[in-house]
Amino acid sequence: MRPALRGLGQQEQFLAQAAHELRTPLATLRLVVERGGSSGASDEALRLVDRLSRLVTGLLARARMEAGAQRVELVPLRLDQLVETTVDELPDHESVTVSSEPVVVLGDPDLLAQAVRNLVENAQRHGGPAGSPVEVTVAPGLVAVRDHGVGVPLTDRERVFARGVTGGSGAASGTGAGLAIVRWVADLHHGTAHRTDAPGGGLIAELRLPAHTAHASSSSSSHEGPGTVGA
């Protein structure tokens, strides 16, 4: 009975997380549709639909892996190329700059792309006014995302990686499932995820991964670009 009860508990947590995470973008999408007519409203609606699609895909992948229906497969890949491609595919990437060096890690490209998207989008939503700069750095075993917002109290820096905990305050607050997925992806890759103060203000969110022993320039380990987590 214990495994069955544990499985039910995981499914209950997943459903609660999914409902909580989807509520805000759905409400925003409703307002955008009600405004209607303008090309700006249409563009915003498309961005929200894309975000919802990514959220659902990530949540489903997590639920399947936690239930044992899907396994993560770690392969050598170029982390710098994956990050650059992921950022380029974001709808609002103009304010995001990427500084990288060749880095090879063992990872699941789809899950790592999901984690990078969540980190950057979280920085965009909570790191200051719309269009505020976000800097992404890729170094051996590290993806660091810096924002220029007001930061998060020290007591909340770990809590924001928990399911259902908000990642900001006031109008900029979110449900926190995005950062919870980042922590989950880090755990799957035997890595860590945490946030620290940035020099001069703002926060740095770090995803740390064990470095792969293969040389980063090896053509056999290159990764052309992230795909989509299997739905």
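It should be emphasised that the depicted structure is a prediction, and the values quoted were computed from it without experimental measurement.

Caption draft 1: Up close: the overall build of the chain. Counting its regular elements, the chain contains five helices and seven strands. Ordering the α and β elements of the chain from the N terminus gives α-α-β-α-β-β-α-β-β-α-β-β. For the chain, the proportion of contacts with a sequence separation of at least 24, taken over those separated by at least 6, is 70%. Element-wise, carbon and sulfur atoms account for 55% of the exposed surface of the chain, whose accessible area totals about 11600 Å².

Caption draft 2: Up close: the environment of Val145. Tracing the chain through its elements places Val145 in strand S5 (residues 142–146). Given a relative accessible area of 2%, Val145 falls into the buried group. Separated by 24 residues in sequence, Val145 and Glu121 have C-alpha atoms that sit 10.0 Å apart. Those residues in contact with Val145, other than ones at most four positions away along the chain, are Leu119, Val120, Ala123, Val134, Glu135, Val136, Leu203, Ile204 and Ala205.

Caption draft 3: Structural view of the sheet that holds strand S2 (residues 96–100). In space, the five strands of this open sheet follow the order S2-S4-S5-S7-S6, with mixed pairing throughout. The open sheet has two edge strands, S2 and strand S6 (192–197), and neither has a second partner. Here the strands of the sheet are splayed against their neighbours by 15° on average, with no regard to which way each runs. In this structure, S2 lies alongside strand S4 (residues 134–139), joined through five bridges in parallel fashion. Across the sheet, the residue bridging to Thr97 is Glu135, located in S4. Those strands touched by helix H3 (residues 79–88) are S2, S4 and S5, and its axis lies near 170° from that of S2. Here helix H4 (residues 109–126) sits on the sheet and contacts S2, S4, S5, S6 and strand S7 (203–208); the angle it forms with S7, its principal contact strand, is near 175°.

Caption draft 4: Inspection of the pairing of S6 at higher detail. In this structure, S6 lies alongside S7, joined through six bridges in antiparallel fashion. Note on S7: the bridge partner recorded for Arg195 is Ala205. Once S6 ends, the chain turns through five residues before running back antiparallel as S7, passing Gly200 with a positive phi of about 90°.

Caption draft 5: Region of interest: H3. By the burial criterion, the buried members of H3 are Leu79, Asp80, Leu82, Val83, Thr86 and Val87. One face of H3 carries all of its buried residues, which in axial projection span an arc of 165°. Residues of H3 that are buried sit in contact with strand S1 (75–78), S2, strand S3 (104–107), H4, S4 and S5.

Caption draft 6: Spotlight on the pattern of salt bridges. In this structure the tally under the stated criterion is two salt bridges. Across the salt bridge formed by Arg78 and Asp80, the nearest N and O atoms sit 2.8 Å from each other. Its relative accessible area of 12% is what places Arg78 among the buried residues. Here Glu206 ties to Arg208 by a salt bridge, and the two come within 3.2 Å at their closest N and O atoms. A relative accessible area of 36% places Arg208 in the partly exposed class.

Caption draft 7: Broad picture of H4. Look at H4: 26 Å from first C-alpha to last across 18 residues, which is about the 26 Å you get at 1.5 Å a residue. Counting buried residues along H4, 15 of its 18 residues qualify, which places the element largely inside the surrounding structure. With a side-chain oxygen positioned 3.0 Å from the backbone nitrogen of Asp110, the residue opening H4 is Asp108. Taken from the residues just after H4, Gly128 is the one with a positive phi, measuring 115°.

Caption draft 8: Spotlight on the confidence of the model for the chain. Of the residues in the chain, 58% have a pLDDT of 70 or more, and the chain-wide mean is 75. Low pLDDT, under 50, characterises residues 215–231; the predicted model gives this stretch 39 contacts beyond four residues in sequence or across chains.

What counts and what doesn't
- Residues numbered from 1 in each chain as written.
- Predicted model: local features only at pLDDT ≥ 70, side-chain atom pairs only at ≥ 80, totals over all residues.
- Heavy atoms only, no water.
- Helix = DSSP H or I, 4+ residues; strand = E, 2+ residues; numbered from the N terminus.
- Contact = heavy atoms within 4.5 Å.
- Areas by Shrake-Rupley, 256 points an atom, 1.4 Å probe, with all protein chains shown as cover.
- Buried < 20%, exposed > 50% of the residue type's maximum accessible area, 1.4 Å probe, protein only.
- Pairing = 2+ DSSP bridges.
- Axes fitted to C-alpha atoms, helices over the stretch in contact; angles between N-to-C directions.
- Arc of directions from axis to C-beta.
- Salt bridge = Lys/Arg side-chain N within 4 Å of Asp/Glu carboxyl O.
- Expected span 1.5 Å × (residues − 1).
- Polar contact = N/O pair within 3.5 Å; in protein donor to acceptor, adjacent residues only side chain to side chain.
- pLDDT = per-residue confidence, 0-100.

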